Amino acid sequence: MALSGAPGCRAGERGPRWRRPWKLLALGLLSASSVLAAAPGAGAMSREEKRRLGNQVLEMFDHAYSNYMEHAYPADELMPLTCRGRVRGQEPSRGDVDDALGKFSLTLIDTLDTLVVLNKTKEFEEAVKKVIKDVNLDNDIVVSVFETNIRVLGGLLGGHSVAIMLKEKGEYMQWYNGELLHMAKELGYKLLPAFNTTSGLPYPRVNLKFGVRHPEARTGTETDTCTACAGTLILEFAALSRFTGTSIFEEYARKALDFIWEKRQRSSNLVGVTINIHTGDWVRKDSGVGAGIDSYYEYLLKAYVLLGDDSFLERFNTHYDAIMRYISQPPLLLDVHIHKPMLNARTWMDSLLAFFPGLQVLKGDIRPAIETHEMLYQVIKKHNFLPEAFTTDFRVHWAQHPLRPEFAESTYFLYKATGDPYYLEVGKTLIENLNKYARVPCGFAAMKDVRTGSHEDRMDSFFLAEMFKYLYLLFADKEDMIFDIEDYIFTTEAHLLPLWLSTTNQTISKKNTSTEYTELDDSNFDWTCPNTQILFPNDPMFAQSIREPLKNVVDKSCPRGISRAEESLGSGPKPPLRARDFMASNPEHLEILKKMGVSLIHLKDGRVQLVQHAVQAASSLDAEDGLRFMQEMIELSSQQQKEQQLPPRAVQIVSHPFFGRVVLTAGPAQFGMDLSKHKAGTRGFVATIKPYNGCSEITNPEAVKEKIALMQRGQCMFAEKARNIQKAGAIGGIVIDDNEGSSSDTAPLFQMAGDGKNTDDITIPMLFLFNKEGNIILDAIREYEAVEVLLSDKAKDRATIFKGKMIPNYIIDSNLEMENMDQKSSENDSHKPNSEEAPSESQDAGAVNEEPNGGGESSAVGDPDPLSPASADSASVSRADEDPHTPGPAEASAPEPACTPEDSQPQEQNTQTESNSKAHWDSKVQPMESILADWNEDIEAFEMMEKDEL
């Protein structure tokens, strides 16, 4: 859209050339903000409330940052449950996640420019001195090129950018002489060996000391990298070149971007998720805007803003047209196949796509940004956080939430674009949920499972680098800032790079004249420059009118997006045949299958096999419906396979000094009390039994009576342990794994089975804790003799736990509002069936849906007897047009209904444990006195905030 009065920016003009494009874009956003902020009846948040929330963000940041500095520094990250630093090689390996750790004080570097944004200039000066003095970049360690670039190189450049700004102001950093830039240049040279490929695409990993091909490098054998990994380098590398005058960094980053552009799928203008770094062949041919691709698109647009190169804008607009044509199904964003973009590649979305509404704001395409953001917010209101992945009918697919900031980022940009106070309320909800569910005495802990509220012992560096930055800026007014944020561009890690770099040390040709661009409808380029008169034509409630139809979208059953073909016909969506409704004896159903390209084959053993040939469908729309039908068949078959599996449970420490803040993921038992049917759970003090294995009559029944018994795994059946402690008078039991160092962070959910006999006589709840989580309770007992826990199906709100009991006032005050919401939710839940919903599709089926074998054929086999569970072994989808191999038919029982109120099971994943990581966990646990001291500081801080409010 054109910006009124902006030179060189007219509606319909292709590739407008701006002198200061980011400034003009910012002016457009601020203009929109002023229009809506002044609208009568808009329900604007008071200045006092905004300031209060801004101060609350500062207090939360202080809590996280000070705990990292006290308990973790110089380690890369803080482990907030055990109050210690995460040092790579000393903890069980988490796989690729650990590639971000390089023994270079990652969190401190990633947080540098956040300190300045939050007006903590003294702390920033101290942090810079620590980085210069303590950080070593010459470590013999293999790290991710992508993560090291955006977090460490970006952090050093962002720190340098604000350091020279403060120095120019004359009060702080007068001693600074470019030390951070020198470190950034050193790191840049250490990353360059990764680019030693024929394609120019970098290896995904590099050894900081030995590079890639050195005999001691332990890397350089990889063949694939993700599109985002190779395409998210240009901002940092170009900034490094512009700051230092050394052009090689920008040249390498441009070459990688050029190669990806040349390898795009020409008919769809989409790119795949992973690519071979030597041949340029697409390895994963699905395409979306989430994990694996996300920041590639972001950096194309922002590279145009920072560097002023029109070719980047032309590439972005070409990709964006394809995204809106194929991937965007408002409010959903669904992955498709790059060769057959009318066919969805999977039926779930990952949380990283939450950045995309913010990018659409920068593009100027506000309506779909509002729609997708509102859909994501409804998911958050249902689960408190955005699950790592969720299905198209908004059930949990992957239940983790590592405190990602992408949704907060989009919320900030939408508020800047619209000025709608609604987005301030969204930010307020994020603050409340973080304090209520993620805050622990030593920081903020990631969520292991958003459904149970259990925690994971991790606080990633991006939480400090991005989350608090965006939340503070959301509530800050211009006079609250010590510099003009509009003079900078955000990298994907929210680091600040100054816009004046666009005119500094230009050694690269701006135009790639060898590249051809697809001619697109000029209306696509109307969105380049935001204009409030077009975005909000005489209607200050524009954003609300877009959100209104979506406010209940998550609560509706099985929503289906309207395809563009249906929209163009104007006939609205025709209800497709659902897998749950299909009957092989119904002639009408068979006719619909034929139209969708699905054939039905009766096997000799009585089973029914379904095979789809997309090329035989009546139309591309029918082929799409056919693929969706086959995917439903597989999902629902997988649900039957897992219907006997139980979801994870929670053990919540509710006694002093924890007060419910520590939640441990627990494995369920297939016998005893079903905690899902006893919402209050079982609460009591814990006691260690004798003998500790619980395999014979308990010799200390007086210590166990009316308490929750702790025992060790092994030497007898779980049911036998349960009977022995129940006979001794225990009200519940916790079995602790005897495998030293085992943890729910690195092992799949464990479920305790019965003994093959009737276990109806066991009436108490039994839960299983891995060794690491069990030691947290055992260490608490050593520090405090009386430790009380709550066994439940999911973590309870602290105000609910302590209703009628003495508890610090700030805990109850901070939870009253949420308690009312929980009560309403409970009333709704009382009308729902008690049974747990069967889990989501199995990992195998998910993998097949994500990477089907080609373009046209899908198959599934069903048993005609829906009551025969023995037939539910596996399910698969195969497609015959592209790849030569096709999996054989797999069995699947007749499906149950796909859309129920409950969420599906989390998909647990195994990770390897490094051989050198057998250090004793309990020898590194922070003393309880230290945790209590931190807790008292929390209480004092909240009391001070209450006084400020009064």
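Residues numbered from 1 in each chain as written. Predicted model: local features only at pLDDT ≥ 70, side-chain atom pairs only at ≥ 80, totals over all residues. Heavy atoms only, no water.

(A) Broad picture of the overall build of the protein chain. Helix and strand counts for the protein chain come out as 29 helices and 31 strands. Within the protein chain, the fraction of its 950 residues that count as buried is 63%. Here the analysis covers contacts within the protein chain between residues at least 6 apart in sequence; of these, 74% occur between residues at least 24 apart. Summing over all exposed atoms, the protein chain offers an accessible surface of approximately 36,000 Å²; the carbon and sulfur share of this is 50%. (Helix = DSSP H or I, 4+ residues; strand = E, 2+ residues; numbered from the N terminus. Buried < 20%, exposed > 50% of the residue type's maximum accessible area, 1.4 Å probe, protein only. Contact = heavy atoms within 4.5 Å. Areas by Shrake-Rupley, 256 points an atom, 1.4 Å probe, with all protein chains shown as cover.)

(B) Quick peek at the side chain of Gln 265. Note on placement: Gln 265 falls in the loop between helix H9 (248–262) and strand E6 (274–276). Overall, Gln 265 belongs to the buried group, its relative accessible area being 15%. Engagement of the side chain of Gln 265 in a polar contact is seen with the side chain of Ser 267, the distance being 2.4 Å. There is a polar contact of 3.3 Å between the side chain of Gln 265 and the side chain of His 339. Leaving out residues up to four positions away in the same chain, Gln 265 has contacts with Leu 270, Ile 338 and His 339. (Polar contact = N/O pair within 3.5 Å; in protein donor to acceptor, adjacent residues only side chain to side chain.)

(C) How the structure looks around the pattern of salt bridges. Under the criterion given, the structure shown has 48 salt bridges. Salt-bridge contacts for Arg 254 lead to Glu 250; the nearest nitrogen and oxygen are separated by 3.0 Å. Taken together, the positions of Arg 254 and Glu 250, both in helix H9 and four residues apart, correspond to about one turn of that helix. Neither Arg 254 nor Glu 250 differs from the other in exposure class; each is buried. (Salt bridge = Lys/Arg side-chain N within 4 Å of Asp/Glu carboxyl O.)

(D) Molecular detail of the sheet that holds strand E13 (residues 389–391). Read from one edge to the other, the open sheet built from three strands follows the order E12-E13-E14, with strand pairing classed as antiparallel. Unpaired on one side and paired on the other, strand E12 (348–350) and strand E14 (396–398) mark the two borders of the sheet. When strand polarity is set aside, the average angle formed by the axes of neighbouring strands in this sheet is 30 degrees. Pairing between E13 and E14: two bridges, direction antiparallel. Counterpart to Phe 390 in the pairing with E14 is Val 396. (Pairing = 2+ DSSP bridges. Axes fitted to C-alpha atoms, helices over the stretch in contact; angles between N-to-C directions.)

(E) Spotlight on the environment of Ile 366. If you trace the backbone, Ile 366 turns up in helix H13 (residues 366–383). Sequence spacing of Ile 366 and Ile 546 is 180 residues, and the spatial spacing of their C-alpha atoms is 9.9 Å.

(F) Layout of the nonpolar core. With 180 residues, the main nonpolar core has Phe 124, Leu 434, Phe 444 and Phe 468 as its most contacted residues. At eleven residues, helix H5 (residues 145–169) tops the list of elements feeding residues into this core. (Core = buried A, V, L, I, M, F, W, Y, C linked by side-chain atoms within 4.5 Å.)

(G) Inspection of the state of the cysteines at higher detail. Taken as a whole, this structure holds three disulfides when the rule is applied. What pairs with Cys 695 in a disulfide is Cys 716, and their sulfur atoms sit 2.1 Å apart. Sign of the S-S torsion, about -85 degrees for the bond between Cys 695 and Cys 716, identifies this disulfide as left-handed. Note that Cys 695 is positioned in the loop between strand E25 (682–688) and helix H22 (701–704) and Cys 716 in the loop between strand E26 (708–712) and helix H23 (718–727), a separation of 21 residues in sequence. Judged by its relative accessible area of 16%, Cys 695 is buried. Its relative accessible area of 19% is what places Cys 716 among the buried residues. (Disulfide = S-S within 2.5 Å.)

(H) Here's a closer look at the environment of Gly 272. With respect to the element layout, Gly 272 can be found in the loop between H9 and E6. Residue Gly 272 is classed as buried on the basis of its relative accessible area of 0%. Separated by 64 residues in the primary sequence, Gly 272 and Val 336 place their C-alpha atoms 9.5 Å from one another. In contact with Gly 272, other than residues within four places in its own chain, are Thr 227, Trp 282, Arg 284, Asp 286, Ile 293 and Ile 338.

(I) Main features of unusual backbone geometry. For the peptide bond that leads from Tyr 73 to Pro 74, omega is 10 degrees, which places it in the cis range. Its location among the elements puts Pro 74 in the loop between helix H2 (47–71) and strand E1 (77–79). For the bond running from Lys 690 to Pro 691, omega is -5 degrees, close enough to zero to count as cis. The residue Lys 103 is not glycine, and still its phi comes out positive at about 55 degrees. Tracing the chain through its elements places Lys 103 in the loop between strand E2 (84–86) and helix H3 (106–117). Lys 103 sits in the partly exposed class, given a relative accessible area of 46%. Phi angles above zero are rare outside glycine, and Phe 394 is one such case at about 70 degrees. Its location among the elements puts Phe 394 in the loop between E13 and E14. Take Phe 394: its relative accessible area is 1%, and that puts it in the buried class.

(J) How the structure looks around the sheet that holds strand E23 (residues 649–653). Taken together, the seven strands give an open sheet; going across it, the order is E24-E23-E29-E25-E26-E27-E28, and neighbouring strands pair in mixed fashion. Edge positions in the open sheet fall to strand E24 (662–666) and strand E28 (766–769), since each of these has one partner strand only. The sheet shows a mean angle of 30 degrees between the axes of neighbouring strands, taken without regard to direction. As paired strands, E23 and E24 are joined by five bridges and run antiparallel to one another. Pairing of Gln 652 across the sheet is with Val 663, part of E24.

(K) Broad picture of the pairing of E23. Summarising burial for E23: five of the five residues are buried, a large majority. With four bridges joining them, E23 and strand E29 (residues 788–792) adopt antiparallel strand pairing. Within E29, the position partnered with Ile 653 by the bridge is Val 789.

(L) Spotlight on the confidence of the model for the protein chain. Here the protein chain shows a mean pLDDT of 79. Residues at 70 or above account for 71%. Across residues 522–538 the pLDDT falls below 50, and counting only partners more than four positions away or on other chains, this stretch makes 58 contacts in the model. Across residues 809–859, confidence stays below pLDDT 50; counting only partners more than four residues off in sequence or on other chains, it has 138 contacts. (pLDDT = per-residue confidence, 0-100.)

(M) Examining the side chain of Asn 771 more closely. Residue placement: Asn 771 occurs in helix H24 (residues 771–783). Setting aside residues up to four positions removed in sequence, Asn 771 forms contacts with Ile 736, Asp 737, Asn 739, Glu 740, Gly 741 and Ser 742.

(N) Broad picture of the environment of Ala 666. Relative to the helices and strands, Ala 666 resides in strand E24. With relative accessibility at 1%, the residue Ala 666 sits in the buried group. C-alpha of Ala 666 to C-alpha of Leu 767: the two residues are 101 residues apart in sequence and 6.0 Å apart in space. Dropping the residues within four chain positions of it, Ala 666 is found in contact with Pro 648, Arg 649, Ala 650, Val 651, Leu 749, Leu 767, Phe 768 and Leu 769.

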